[in-house]
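Listed below, chain by chain, are the residues.
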Amino acid sequence: MNAAAKKTPRLGRRLLVGPTEGWKPYALLTLFCCILFLPGIASLPPLDRDEARFAQATAQMLETGDFVDIRFQDHPRHKKPAGIHWLQAASVTLLSDVAAREIWAYRVPSVIGAWAAVLLTFAIGALLFDRRAAFAAAAMLAASTLLILEAHQAKTDAVLLACVLALMLPLARHYLAARGKIPAAGIGWSLLFWLAMALGILIKGPIAPLIAILTLATLAVADRDAASIKGLGWLWGLPLMLVLALPWFLMVGGGDAGGDGFVMTAITTDLIPKLLGGQESHGAPPGYYVLTMLLFFWPGVFLAWPALFRAWKERTDPALRFCLAWLIPAWILMELIPTKLPHYVLPLYPALALVCARSAIAILDGKTPWYDKRALWLTGGLWALVGLVLGGTAAYLPLHFGFEPTWHTWFFALFALYLLATTAAAMKHHVINEALENSLISGGIQTAMVVWLMVAGFAPLWVADRAATAVAAEFKDGAVPVTAAAGFSEPSLVFLSGTGTILTSGGGAAQHLLNEPQAAAIVEGRELAAFAKALGDRAAEVREAAQVSGINYSKGKPVTLHVFVRKAPAK
């Protein structure tokens, strides 16, 4: 053991050495996931725009009983397969009710997917390396900013991550067996591979198969043989996968988008535009994911570049080769595709975490020296900068938008400074275990608390939630009003107000309010003049029940919503 390891506090050593036996790592990782993923699940309102669209489409499935056709109000939603909607529908049916519009029930599959991904990362790490590296990698993934954010959203990505890891586990098992490192894998491992592949296709189409194919192809080229490919049971596994995944695609078949089926519509309106340019203003040049990794793989990112450099030098090791084949080809492909969003590389983060954790354990055991000072200053400095930005943002945002900061905004700033100081001190003294411990536990908890206390409680962001609440407060007798929204068409308002929400102009909102006995109107400030003009001499029949001001964060602009209802008839 080297001098740095000897200096490591007993608490730090217990976190990487003590909990790796038997059931302990699974229990501790589950507890860690609960601390990171559960806060904010209920208090964070529906997010625009993707989460609200997913949740609303699921709500319509439950309302209509049609679990094949995916729709957002009257419009077909030919973006992603139905798998995530089925999981969300099951969660809502078991835990809530579609009429309640409780977004936390739609998020439960994402929480479970993120938790499963962490445990599967531990299983893969234990297979490839050892339980200490596996535990560090799983904790690193759990604490990453990106996974914490995805666990709080009713979308596909956390569940897709679990599917990718569920197929990578048997793939790693087969690969090591083909290299003679472990005994041959049984048929159960191949079955898991094909089942995970089928579920991955139903969750997000070609992403899971693409990552598996790139990994297998890279390993075959690097090893100059295809031994790991042969043992997967292609003759029975591929038909099984098709039997499980194809029926929904065949049922959704014809659709109504100009006669095209779901697949053709998804390819022509979603996939091809992403390959040809920055779809929906999400274009970015190559290098985007390397840069955003500083934030989204934080706090474990301070190990990333030195660990990748060392892993490349030792790439003849089968376990490291497997991780690099998983990580590098798919990452390069993602960088080359013009359309970029941070969560696209989430299925690659476990491979990155495994490489980083393996490097950390090697340093702890004295098998490799601590990185030189240049690498330390570069990675540590960038890491500290991101931590400072996170803590500073939490304190700055309320001041920037003219709102009185609460006690937690200052707490986040102080907590960030504490985090930076303790981890920087450990890095300065080359105590890798303490640096890793402080960064993962403190950094992960800080990110979760920002989501829970700061973002969820920052009222100016949640204008749709506040406007829908104001409407509900006017109809306490249980009547469900049909709401017309003028000038504000964010999907979160549709989810919160109900499928029947009418997205219209100021004049349309006025006519709706005058013609329907149980009705409300939410009018954005720019539509007020048209709304008042359409009311004409019947303006006395309506009243303004509330005024909600804040930020439309989807557009980055301030917004004021006016809530109108009919006046009660005179007695």
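Structure: above.
Everything numeric in this text was worked out from a predicted model, so none of it was measured.

**Remarks on the pattern of salt bridges**
Argument step 1. Applying the stated criterion across every chain yields a total of 16 salt bridges.
Argument step 2. Ionic pairing is found between K155 and E150, a salt bridge with its closest N-O pair at 3.4 Å.
Argument step 3. With relative accessibility at 7%, the residue K155 sits in the buried group.
Argument step 4. Look at E150 and you get buried, because its relative accessible area is 3%.
Argument step 5. For the salt bridge of E474 with R543, the shortest nitrogen-to-oxygen distance reads 2.4 Å. You can see E474 sitting in the loop between α22 (463-473) and β3 (482-486) and its partner R543 sitting in strand β6 (residues 542-552), a full 69 residues away along the chain.
Argument step 6. On the accessibility criterion, R543 (33% relative accessible area) is partly exposed.
Argument step 7. Salt bridges sharing common partners tie together E150, K155, D157 and K204.

**Thoughts on unusual backbone geometry**
Argument step 1. Along the chain, D48 connects to R49 via a cis peptide bond; the corresponding omega equals 0 degrees.
Argument step 2. Tracing the chain through its elements places R49 in the loop between α3 (24-37) and α4 (50-64).
Argument step 3. With an omega of 15 degrees, the peptide bond running from W298 to P299 counts as cis.
Argument step 4. With respect to the secondary-structure elements, P299 resides in the loop between α15 (288-296) and α16 (304-313).
Argument step 5. One non-glycine residue, Q73, lies in positive phi territory at about 55 degrees.
Argument step 6. Tracing the chain through its elements places Q73 in the loop between β1 (71-72) and β2 (75-76).
Argument step 7. You will see that R224, though not glycine, has its phi angle at about 60 degrees, which is positive.
Argument step 8. Note on placement: R224 falls in the loop between α11 (207-223) and α12 (227-230).

**Observations concerning the packing of helix α5 (residues 83-95) against helix α6 (residues 103-128)**
Argument step 1. Taken N-terminus to C-terminus, the directions of α5 and α6 make an angle of 130 degrees; their axes are 8 Å apart at the nearest point. Here α5 is positioned oblique relative to α6, judged by the angle of their axes. Relative to α6, α5 is oriented so that their crossing is right-handed. On α6, the residues touching L87, Q88, S91, V92 and L95 of α5 are W104, A105, Y106, V108 and P109.
Argument step 2. Considering only residue class, the contact of α5 with α6 consists of eight nonpolar, two polar and no charged.

**Describing the pairing of β3**
Argument step 1. Across the five residues that make up β3, a large majority, four, are buried.
Argument step 2. Strand direction decides the pairing type here: β3 and strand β4 (residues 502-504), joined by three bridges, are parallel. Bridge pairing in β4 links A485 to L503.
Argument step 3. Taken together, β3, helix α23 (residues 491-497) and β4 constitute a β-α-β crossover, and its handedness is right-handed.

**Concerning the nonpolar core**
Soluble globular proteins tend to pack their nonpolar side chains together in the buried interior.
Argument step 1. Ranked by internal contacts, the top residues of the largest apolar core, which has 111 residues, are F37, L128, M168, F297, F322, W326 and Y349.
Argument step 2. In terms of residue count, the dominant contributor to this core is helix α9 (residues 157-178) (15 residues).
Argument step 3. Beyond its immediate sequence surroundings of up to four residues, F322 is in contact with L128, M168, L171, A172, Y175, T215 and L219.
Argument step 4. Ranked by size, the runner-up nonpolar core spans 27 residues in total, among them A59, V463, A485 and L561.

**Description of the sheet that holds β3**
Argument step 1. Spatial strand order, β4-β3-β5-β7-β6: five strands in an open sheet with mixed pairing. Every other strand in the sheet has two partners, leaving β4 and β6 as the edge strands with one partner each. Averaged over all adjacent pairs, the angle separating strand axes in this sheet is 20 degrees, with direction ignored.
Argument step 2. Pairing analysis gives five bridges linking strand β5 (residues 519-524) to strand β7 (residues 557-566), with the strands arranged antiparallel. Directly across from E524, in β7, lies its bridge partner L561.
Argument step 3. Of the strands in this sheet, β3, β5, β6 and β7 are in contact with α22, which crosses β6 at around 165 degrees.
Argument step 4. Where helix α25 (residues 528-535) meets the sheet, its contacts fall on β5, β6 and β7, and the angle it forms with β5 comes to roughly 140 degrees.

Definitions and limits used
- Residues numbered from 1 in each chain as written.
- Predicted model: local features only at pLDDT ≥ 70, side-chain atom pairs only at ≥ 80, totals over all residues.
- Heavy atoms only, no water.
- Salt bridge = Lys/Arg side-chain N within 4 Å of Asp/Glu carboxyl O.
- Buried < 20%, exposed > 50% of the residue type's maximum accessible area, 1.4 Å probe, protein only.
- Helix = DSSP H or I, 4+ residues; strand = E, 2+ residues; numbered from the N terminus.
- Axes fitted to C-alpha atoms, helices over the stretch in contact; angles between N-to-C directions.
- Parallel < 35°, antiparallel > 145°, perpendicular 65-115°, else oblique.
- Left-handed = near helix turned anticlockwise from the far one by under 90°.
- Contact = heavy atoms within 4.5 Å.
- Nonpolar A, V, L, I, M, F, W, Y, C, P; charged D, E, K, R; others polar.
- Pairing = 2+ DSSP bridges.
- Right-handed = clockwise from strand over helix to strand, strands pointing away.
- Core = buried A, V, L, I, M, F, W, Y, C linked by side-chain atoms within 4.5 Å.

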